[in-house]
Amino acid sequence: MRRCIQCGTCSATCPFSHVMDYTPRKIIYLIREGFKEEVMSSFTPWLCASCFSCRVRCPKEIKITDLMYLIKREAIKDNHYPQKAPIVLLTKESVKMIHKNGRISESYLMGIVLLKVSFLKLLRMSGLGLKMLLTGRFTLIPEKIKSRGELKKILAFSNKKVEENSK
Ligand code: SF4
Ligand code: SF4
């Protein structure tokens, strides 16, 4: 990150920088200057679509996308993130579900997120949920893969590698 020349190419190329509270360039700047609180509570990493445009165009080859993942992981670890933001909950619950079941049951996931964001919203969506349930497009039982033990090993290995690479 010390190599960053603050050229702003990452922010200019990012398709979501206009809705981020801090652009990717600013995130790098804030990290470098030690503004941990601002970085950890920022919506920016949660809005990152992992499109890798910034990473490809950065003249200093800084791994900005990896950095966004690192911030998210740290924020979840420290329980320090925008708590009720649906996008944060969605990410957190998706990761939890993949680690536990090996796959995401989308309808089940949406139910959990809606319940945590707002019980009222869940009630409003219940009609649609019931219709989907009756047509077999919604399941109340999360789907699971068979080799979950092997998946756990792969994920642990990949997490270790990501941490090593982001140092
Ligand atoms: S594109 Fe790279 S060098 Fe330019 S501001 Fe972004 S991270 Fe820094
Ligand atoms: S990887 Fe994330 S931060 Fe980088 S350009 Fe894409 S959305 Fe923006």
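Residues numbered from 1 in each chain as written. Chains lettered and ligands numbered in written order. Predicted model: local features only at pLDDT ≥ 70, side-chain atom pairs only at ≥ 80, totals over all residues. Heavy atoms only, no water.

J.: How should I be thinking about the packing of aromatic side chains in this particular structure?
T.: We describe a pair of aromatic rings using the distance from one ring centre to the other and the angle between the two ring planes. In this structure the tally under the stated criterion is zero aromatic pairs. Just above the ring of Tyr 69 sits the side chain of Lys 72; from NZ or CZ to the centre is 4.8 Å. (Phe/Tyr/Trp six-rings, centres within 6.5 Å; stacked < 30°, edge-to-face > 60°. Lys NZ or Arg CZ within 6 Å of the ring centre and 35° of its normal.)

J.: What exactly am I supposed to notice about the site of ligand 1 here?
T.: Ligand 1 sits among 13 residues. The nearest are Cys 4, Cys 7, Gly 8, Cys 10 and Cys 58. Of all the secondary structure elements, the ones that give two or more residues to the shell around ligand 1 are helix H1 (9-13) and helix H2 (24-32). The class makeup of the residues in the shell around ligand 1 is nine nonpolar, three polar and one charged. (Near = heavy atom within 4 Å. Helix = DSSP H or I, 4+ residues; strand = E, 2+ residues; numbered from the N terminus. Nonpolar A, V, L, I, M, F, W, Y, C, P; charged D, E, K, R; others polar.)

J.: Mind showing me how you'd approach a nonpolar patch on the surface here?
T.: A surface patch of nonpolar side chains, about 550 Å² in accessible area, is lined by Leu 130, Leu 133, Leu 134, Leu 140 and Ile 141. Here Leu 134 is to be found in helix H9 (residues 119-134). (Patch = residues over 30% accessible without salt bridge, like charges linked within 9 Å, V, L, I, M, F, W, Y side chains within 5 Å. Areas by Shrake-Rupley, 256 points an atom, 1.4 Å probe, with all protein chains shown as cover. Salt bridge = Lys/Arg side-chain N within 4 Å of Asp/Glu carboxyl O.)

J.: It is not clear to me how the site of ligand 2 should be interpreted in this structure. Could you clarify?
T.: Ligand 2 sits among Cys 14, Pro 15, Pro 24, Cys 48, Ala 49, Ser 50, Cys 51, Phe 52, Cys 54, Thr 65 and Met 68. Taken together, the residues of the shell around ligand 2 sort by class into nine nonpolar, two polar and no charged.

J.: What exactly am I supposed to notice about a positive patch on the surface here?
T.: A grouping of Lys 100, Lys 144, Arg 148 and Lys 152 is seen on the molecular surface, where their side chains present a positively charged patch. Topologically, Arg 148 is positioned in helix H10 (residues 148-165). (Lys, Arg positive; Asp, Glu negative; His and termini not counted. Charge placed at Lys NZ, Arg CZ, Asp CG, Glu CD.)

J.: Is there a simple way to explain the pattern of salt bridges in this structure?
T.: Should their charged atoms come close, side chains of opposite charge can pair. Across all of its chains, the model carries three salt bridges by this definition. For Lys 77, the salt bridge identified is with Glu 74, shortest N-O distance 3.2 Å. Of this pair, Lys 77 and Glu 74 both sit in helix H6 (residues 64-77), three residues apart, which is roughly one turn of that helix. With relative accessibility at 57%, the residue Lys 77 sits in the exposed group. In this structure, the salt-bridge partner of Arg 103 is Glu 143, at a minimum N-O distance of 3.9 Å. Here Arg 103, found in the loop between helix H7 (86-101) and helix H8 (106-117), pairs with Glu 143, found in the loop between H9 and H10; they are 40 residues apart in sequence, far enough to count as distant. (Buried < 20%, exposed > 50% of the residue type's maximum accessible area, 1.4 Å probe, protein only.)

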